[in-house]
Amino acid sequence: MSHDEPLLAIDGLKTHFFTREGTVRAVDGVSLTVPRGKTVCVVGESGCGKSVTARSVLGLVDEPGRIIDGRIAWQPGAGEPVDLTTLDPKGERMRRIRGGEISMVFQEPMASLSPMYTIGDQLIETIRLHLPLGKEEARDRAVEQLRRVGIPRPEERLDAYSFQLSGGMCQRVMIAIALAADPALLIADEPTTALDVTTQARIIDLLRDLQAETGMSVLFITHDLGVVAEIADEVVVMYLGTVVERGGVDEIFHDPKHPYTNALLGSIPRMGAGAGRRLATIRGNVPHPSDRPAGCPFHPRCDAAIGGVCDVSDPPHIVFGEARSVRCVLHDDGAAVGGDFRVDGERA
Amino acid sequence: MAHTTAGTDAATATDSGPATDTDAGTDSVTGGETAARGDDRWSSASQRRLVWWKFRQHKLAMAGLVVTGLVYLIALFADVIAPFGTSTFDAEYTYAPPQRIHVDWGEGLYVHGYTSTVDEETLQLSFEIDETQRIELGLFVKGEEYELFGLIPWDRHLIGPVDPDEPMYLMGGTRTGHDLFSRIVHGTRVSMTIGLVGVAMAFVLGVVLGGVSGYFGGRTDMAIQRLVEFFMSLPSIPLWLGLAAALPPGWGPMQRYFAITTILAVIAWTDLARVVRGRFLSLRNEEFVTAALLDGCSRPRVIFRHMLPSFSSHLIASVTLSIPAMILAETSLSFLGLGLQAPAVSWGVLLQDAQNVRVLSTAPWLMLPGLCVIITVLALNFVGDGLRDAADPYKR
Amino acid sequence: MLTFIARRCLFMVPTLVAISLVAFAIIQLPPGDYLTTMVSRLESEGQSVDQAMLDGLRERYGLGQPLHEQYLKWISGILLHGDFGQSFEYGTSVAGLIGDRLPLSILLTVTTLLATWIMAFPVGLYSAVRQYSAGDYIATTLGFLGLAIPNFMIALGLMYVMHTVFGYSVGGLFSPEFRDAAWSLAKVGDLMAHLWIPMVVLGTAGTAGLIRILRANLLDEVRKPYVMAARARGVPERRLVLKYPLRVAMNPFVSTVGWVLPALISGEVIVASVLNLPTTGPLLLGALQSQDMYLAGSIILVVSVLTVIGTLLSDILLAWLDPRVRLGYR
């Protein structure tokens with residue numbers, strides 16, 4: 001890649017939902033970047049705003065949600081970056097970006113395909129929407145795409161319906177559709193959550209191979225740290241609509257700085273960790289975004305919380321390097337404090 | 001799981017909670033990492049409460065509830081509200097036009113009397129409102145005696161002429177010289193109860209057959225489904241007509257009433273059976289049912305304590321929606337002369353008088369019972385719709 | 001597809017048998033049989049009864065034999081010879097009476113069904129796509145009214161308004177000068193000019209129901225993940241609604257023939273009586289009132305069978321539209 005500018009740079013994104021019960025700040029000031037050719041994983045518990053962040057990129061936030069602040073700079077080529085938040089979500093420019101430059105794969109592969117049309121119909125439709133191909137050429141390309149994602153006998157499969165395929169096969173089809181027009185970025189929104197474990201592994205392998213083959217970037221959303229370890233170049237940890245920590249995959253796994261990251265890592269079950277031990281959990285639940293705690297959103301569940309500080313003022317944003325930052329008062333002096341504190345479970 | 005202690009509020013704790021799930025439903029609830037969250041008022045309320053809160057937001061449904069309540073009150077107190085009994089008539093006043101109630105602050109309520117003229121050729125009576133005559137009206141006046149609720153003898157009527165022999169036709173007179181207003185009020189009884197009684201019968205049939213079908217599945221389900229499909233594929237009115245025509249002509253009003261209600265119920269149960277079956281089928285595979293079974297609950301207990309409460313509100317909604325259909329069916333049957341017959345009074349029976357244009361053009365008020373049907377059916381439909389929307393208070 | 005149709009036809013057989021049993025039961029229900037009714041009627045009119053004719057009729061209908069043999073005789077007469085029995089009211093064969101009126105009944109029902117679809121489709125679509133718009137509220141209100149007003153009230157109201165305001169008498173399907181005339185272009189035109197009133201009256205409830213169904217289904221479908229997925233791959237907004245959810249929402253639309261058709265045929269009985277149409281409805285009503293049971297039972301039989309066939313056609317159409325049904329996944 002010739003230039004250093006990131007492919008996608010989200011800066012201070014705020015997506016709020018204006019419901020009758022009040023405003024829900026689902027995404028509240030998220031900043032992250034996706035470098036060219038890299039895989040960035042967004043991790044966090046359910047309800048922390050990962051999916052809304054992903055959908056905001058493509059302008060797919062449903063009513064009553066709205067992007068109210070922030071920039072999403074998209075720079076696929078050498079030209080000026082486009083701010084995706086300024087595009088009309090129903091307009092032609094956004095339509096061409098969707099599926100053409102940025103593609104998305106969803107959580108439920110079965111439900112993401114219309115049962116009324118063959119998969120070939122939906123695949124060819126996408127190809128012809130974005131590439132100037134005739135019917136026959138598009139069909140050939142569709143067969144080629146299906147073969148590329150590892151679907152056996154692709155010519156026959158073109159005429160199959162989604163309900164005739166397994167979940168794993170459907171997800172492969174979704175990936176084929178997503179990659180049909182050679183997008184520069186693939187957003188995968190928990191693409192393996194609904195699949196069984198062996199299928200998960202195969203889909204992850206497929207995504208990694210395809211990424212290596214095409215050189216595209218991947219924004220991968222998951223709550224599964226095992227997947228993160230396998231696929232990520234960089235990791236973004238989210239909690240309640242904010243990014244609490246950012247860093248390279250090794251830094252995050254070996255030198256977590258935020259207590260939340262630490263706690264997440266502590267709650268991964270490990271082989272050989274010793275029989276009879278309880279798995280560490282993070283106490284409490286993610287509060288609903290509509291009643292976010294004051295100060296640091298994590299403080300009610302944080303073992304290292306400092307009374308009078310964490311529950312009063314917003315945590316500072318501390319930058320350690322170009323792609324490494326954390327939002328926690330514990331690192332306010334700039335010194336390396338990491339490792340001094342642990343959650344209960346890990347000490348055991 | 002919370003469901004093992006079931007009851008009406010069983011589903012409250014584990015469903016994703018009443019507050020909006022802003023991740024647009026894409027972040028699935030994995031392994032209990034998310035549980036009841038949000039404010040306590042919602043999460044601690046019983047399901048019945050939640051349904052009521054949701055229902056109250058539905059303005060049309062609330063209006064419908066008020067109207068329905070009023071109509072049933074009228075049915076209950078028909079004897080008091082109607083100025084005259086069902087058998088009182090005065091042949092001198094056939095097709096008498098409706099009178100307007102006037103208020104005189106000194107003397108109270110009054111209506112004007114009639115002067116009638118007979119057409120020399122056709123011998124038809126025609127009426128003029130005579131402004132010079134005043135017929136004094138009173139509230140809770142003495143009139144015909146009746147027994148309130150069939151028990152308490154009384155003779156007061158909500159409104160009526162002070163002198164019971166004076167003519168009062170607030171909604172006009174019928175072909176026989178009955179007071180239409182009184183007849184409509186009395187007809188409320190039959191028209192409104194036929195819905196309730198019929199639906200009660202259909203409910204028992206529908207719930208039992210639908211429940212059996214949905215719970216046991218397999219061959220039983222197959223057989224019952226064929227039966228339901230058979231009943232649904234029949235055009236109901238010809239069938240009703242056929243059955244109603246076969247009723248012995250010698251039967252009294254009571255026997256006819258129950259026979260007609262039964263005929264209506266025999267065909268109306270299919271809808272309820274389908275609803276119940278569908279719910280049972282979808283619930284059968286729910287985890288809380290499996291959990292209850294694993295906990296050693298007996299089958300009846302699983303059905304009645306765990307499954308039934310979780311869709312009782314849907315059931316109530318379907319029942320409410322089938323009452324108006326029943327009322328319409330009775331009205332149609334009676335209108336055609338094959339349902340209830342005079343001396344029984346129902347809105348449909350009253351509409352029999354309004355069969356042809358010539359009568360309608362001289363006495364358009366004979367369509368008023370139809371208006372009552374429309375208002376009542378609309379109100380019940382609104383209530384049913386509101387209930388259906390509120391039945392699932394966790395969904396939005 | 002062929003196996004689907006074959007299976008579906010096979011399912012129809014028990015239904016048809018059940019319908020014939022019900023029709024037979026209706027014939028048998030009133031006390032006495034055809035002959036006792038006829039004899040008492042003839043006697044009341046002061047005519048003498050010919051014993052030889054009675055015996056002939058008794059033999060023909062198998063009267064006095066056990067019920068199942070009477071049934072077999074009756075149904076085989078219909079199936080093998082098209083013999084539905086005699087109407088004593090009209091003194092002619094039931095088959096002829098029905099044959100005279102059935103075509104108009106079918107014409108009325110089918111045109112009403114089509115009109116219902118044509119009306120309900122755009123309105124339902126608009127109502128769902130522009131949810132909570134003024135148009136949506138109007139459509140919803142009209143829908144509620146359409147469901148709450150009994151057919152015959154609409155007919156009465158329409159008759160009253162036409163009579164008092166326009167001085168125009170509504171009723172019948174033909175003007176007097178065409179009533180007994182042979183078919184000609186002018187007669188067809190006259191029929192069309194009369195047909196719209198019963199169509200409006202009959203179609204209101206069905207249209208209202210269909211609008212509600214289409215709207216609810218479409219709103220359901222628009223929220224499904226595959227719509228979001230299609231939008232995310234750059235499918236234009238218009239096609240997004242028209243191509244994907246509408247196809248699924250069409251299904252209930254087609255399968256509603258299953259209940260719209262019986263409802264239309266039911267409504268036809270009442271509306272035709274009020275509007276005095278020369279269709280099977282008033283014939284049935286008259287037959288029931290005068291206990292002309294062979295005629296009544298036969299009309300019920302024919303009309304029910306036609307309904308079942310209509311439902312079958314709609315199922316086949318549905319299978320053609322929906323691959324899930326066609327391939328047996330649902």
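Everything numeric in this text was worked out from a predicted model, so none of it was measured. (Residues numbered from 1 in each chain as written. Chains lettered and ligands numbered in written order. Predicted model: local features only at pLDDT ≥ 70, side-chain atom pairs only at ≥ 80, totals over all residues. Heavy atoms only, no water.)

Quick notes on the UniProt feature "domain: ABC transmembrane type-1" (unreviewed entry) in chain B
In the numbering used here, UniProt assigns the "domain: ABC transmembrane type-1" (unreviewed entry) feature to residues 188-384 of chain B. Along residues 188-384 of chain B the backbone is 81% helical and 0% strand, and the end-to-end C-alpha distance reaches 20 Å. (UniProt positions renumbered as here; feature names shortened; annotations may be inferred. Helix = DSSP H or I, 4+ residues; strand = E, 2+ residues; numbered from the N terminus.)

Looking at the sheet that holds strand 8 (residues 217-222) of chain A
Residue and element names in this part refer to chain A. What the eight strands build is an open sheet, ordered 6-7-8-3-9-10-12-11; its pairing is mixed. The sheet is open, and its two edges are formed by strand 6 (102-105) and strand 11 (317-321), each paired on a single side. For this sheet, the mean inter-axis angle between neighbouring strands, taken without regard to orientation, is 20°. Pairing geometry for strand 3 (residues 39-43) and strand 8, over five bridges, is parallel. Looking at strand 8, one finds that Val-42 is bridged to Ile-221. (Pairing = 2+ DSSP bridges. Axes fitted to C-alpha atoms, helices over the stretch in contact; angles between N-to-C directions.)

Looking at the UniProt feature "transmembrane region" (unreviewed entry) in chain B
All names here are of chain B. Residues given the UniProt feature "transmembrane region" (unreviewed entry) here are residues 60-82, 194-218, 230-251, 257-276, 308-327 and 363-383. Annotated as residues 230-251, this span is 64% helix and 0% strand, and its ends, taken at the C-alpha atoms, are 30 Å apart. As a span, residues 257-276 carries 100% helix and 0% strand, and end to end its C-alpha atoms are 28 Å apart.

Quick look at helix 9 (residues 287-294) of chain B
Residue and element names in this part refer to chain B. All of the buried residues along helix 9 are Phe-288, Val-289, Ala-291 and Ala-292. Relative to the axis of helix 9, the buried residues are bounded by an arc of 160° and lie together on one face. Along helix 9, exposed side chains directed more than 90 degrees from the buried face belong to Glu-287 and Leu-294. Here the buried face of helix 9 lies against helix 8 (253-284) and helix 10 (299-335). (Buried < 20%, exposed > 50% of the residue type's maximum accessible area, 1.4 Å probe, protein only. Arc of directions from axis to C-beta. Contact = heavy atoms within 4.5 Å.)

Some words on the packing of aromatic side chains
Enumeration according to the criterion identifies ten aromatic pairs over all chains in this entry. Between C:Tyr71 and C:Trp74, the ring centres sit 6.2 Å apart and the planes meet at 45°, which makes this aromatic pair tilted. Of this pair, C:Tyr71 and C:Trp74 both sit in helix 4 (residues 67-81), separated by three residues, roughly a single helical turn. Residue classification places C:Trp74 among the buried residues on the basis of a relative accessible area of 7%. Joined through ring pairs, the aromatic side chains of A:Tyr239, A:Tyr260 and A:Phe298 make up one cluster. Over the face of the ring belonging to C:Phe144 we find C:Arg212, whose NZ or CZ atom lies 4.9 Å from the ring centre. (Phe/Tyr/Trp six-rings, centres within 6.5 Å; stacked < 30°, edge-to-face > 60°. Lys NZ or Arg CZ within 6 Å of the ring centre and 35° of its normal.)

Structural notes on the domain arrangement of chain B
Residue and element names in this part refer to chain B. Along its sequence, chain B is carved into domain 1 (90-177) and domain 2 (183-391). Between the C-alpha centres of domain 1 and domain 2 the distance comes to 37 Å. Every contact between the two is made by nine residues of domain 1 and, on the other side, eight residues of domain 2. Summed over the three residues of domain 1 that lose the most area to domain 2, namely Tyr-95, Met-171 and Thr-174, the buried surface amounts to 62% of that side. Here domain 1 and domain 2 share zero salt bridges between them. At the boundary of domain 1 with domain 2, the tally comes to zero residue pairs in polar contact (both at pLDDT 80 or more). For the side of domain 1 that touches domain 2, a count of residues per class yields five nonpolar, three polar and one charged. (Domains from an automatic or database assignment. Buried area = accessible area lost by both parts, 1.4 Å probe. Salt bridge = Lys/Arg side-chain N within 4 Å of Asp/Glu carboxyl O. Polar contact = N/O pair within 3.5 Å; in protein donor to acceptor, adjacent residues only side chain to side chain. Nonpolar A, V, L, I, M, F, W, Y, C, P; charged D, E, K, R; others polar.)

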